[in-house]
Amino acid sequence: QVQLVESGGGLVQPGGSLRLSCAPSGSIFSIYAMGWYRQAPGKQRELVAGIISGGSTNYADSVKGRFTISRDNAKNTVYLQMNSLKPEDTAVYYCNFKTPIAPYEYWGQGTQVTVSS
């Protein structure tokens, strides 16, 4: 079964940067949307950023101007560049792919991002 593999999380000081990456362990066809979600302790999972096959992007208001989502279509890889990180960005970050073919949606295992001095 194909899985999404994330990397790039870790501990960073406020104001610092991290870059997350997510790639599938095998072939996934007809991906029309990729996204990053996050879940902080005691909170619901929320959409951080998304990108569709045409290249259009959308961001949560809390990360606009600081985070940038991008994709490499040849590698079916999605990235999240996170700058000017704040303690409130601390969460487990999950990548998500959507396709029109079953199982219609894939999730990564999650990568911890901790912003603390």
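In case you missed it, the structure is sitting above this.
Being a predicted model, the structure only gives us computed values, none of them experimental. (Residues numbered from 1 in each chain as written. Predicted model: local features only at pLDDT ≥ 70, side-chain atom pairs only at ≥ 80, totals over all residues. Heavy atoms only, no water.)

Peer 1: Looking at this model, I keep getting lost on the overall build of the chain. Mind explaining?
Peer 2: Looking only at helices and strands, one finds zero helices and 11 strands in the chain. Order of helices (α) and strands (β) in the chain, N terminus to C terminus: β-β-β-β-β-β-β-β-β-β-β. Radius of gyration (C-alpha) of the chain: 14 Å, near the 13 Å computed for a compact globule of 117 residues. By its C-alpha atoms, the chain is 45 × 25 × 25 Å across when sized along the principal axes. Sorting the 117 residues of the chain into buried and exposed places 42% on the buried side. Pairs at least 24 residues apart make up 54% of the contacts formed inside the chain by residues separated by at least 6 positions. Entry remark: accessible area of the chain is about 6,200 Å², with carbon and sulfur atoms responsible for 49%. (Helix = DSSP H or I, 4+ residues; strand = E, 2+ residues; numbered from the N terminus. Rg over C-alpha atoms; globule rule 2.2 N^0.38 Å. Buried < 20%, exposed > 50% of the residue type's maximum accessible area, 1.4 Å probe, protein only. Contact = heavy atoms within 4.5 Å. Areas by Shrake-Rupley, 256 points an atom, 1.4 Å probe, with all protein chains shown as cover.)

Peer 1: How should I be thinking about the sheet that holds strand β3 (residues 18-24) in this particular structure?
Peer 2: With antiparallel pairing, four strands are arranged side by side in an open sheet as β1-β3-β8-β7. Edge positions in the sheet fall to β1 (4-7) and β7 (67-72), since each of these pairs with one other strand and no more. Across the sheet, the axes of successive neighbouring strands diverge by a mean angle of 15°, strand direction being ignored. Sheet analysis places β3 next to strand β8 (residues 77-82), joined by five bridges and oriented antiparallel. Of the residues in β8, the one forming a bridge with Leu 18 is Met 82. (Pairing = 2+ DSSP bridges. Axes fitted to C-alpha atoms, helices over the stretch in contact; angles between N-to-C directions.)

Peer 1: Please explain the packing of aromatic side chains as it appears in this structure.
Peer 2: Centre-to-centre distance and the angle between the planes together describe a pair of aromatic rings. For the coordinates displayed, the defined rule picks out one aromatic pair. Directly above the ring of Tyr 79 sits Arg 19, whose terminal nitrogen or CZ lies 4.1 Å from the centroid. The side chain of Arg 45 reaches across the aromatic face of Trp 107, ending 4.7 Å from its centre. (Phe/Tyr/Trp six-rings, centres within 6.5 Å; stacked < 30°, edge-to-face > 60°. Lys NZ or Arg CZ within 6 Å of the ring centre and 35° of its normal.)

Peer 1: How do you make sense of the state of the cysteines when you look at a structure like this?
Peer 2: Note on terminology: disulfide describes a covalent bond linking the sulfur atoms of two cysteines. Scanning all chains against the criterion turns up one disulfide. Between Cys 22 and Cys 95 runs a disulfide, and the two sulfur atoms are separated by 2.0 Å. Every disulfide takes its handedness from the sign of the S-S torsion; for Cys 22 and Cys 95 that torsion is 55°, giving right-handed. Of this pair, Cys 22 sits in strand β3 while Cys 95 sits in strand β9 (residues 91-98), and the two are 73 residues apart along the sequence. Exposure class is identical for Cys 22 and Cys 95. Each is buried. (Disulfide = S-S within 2.5 Å.)

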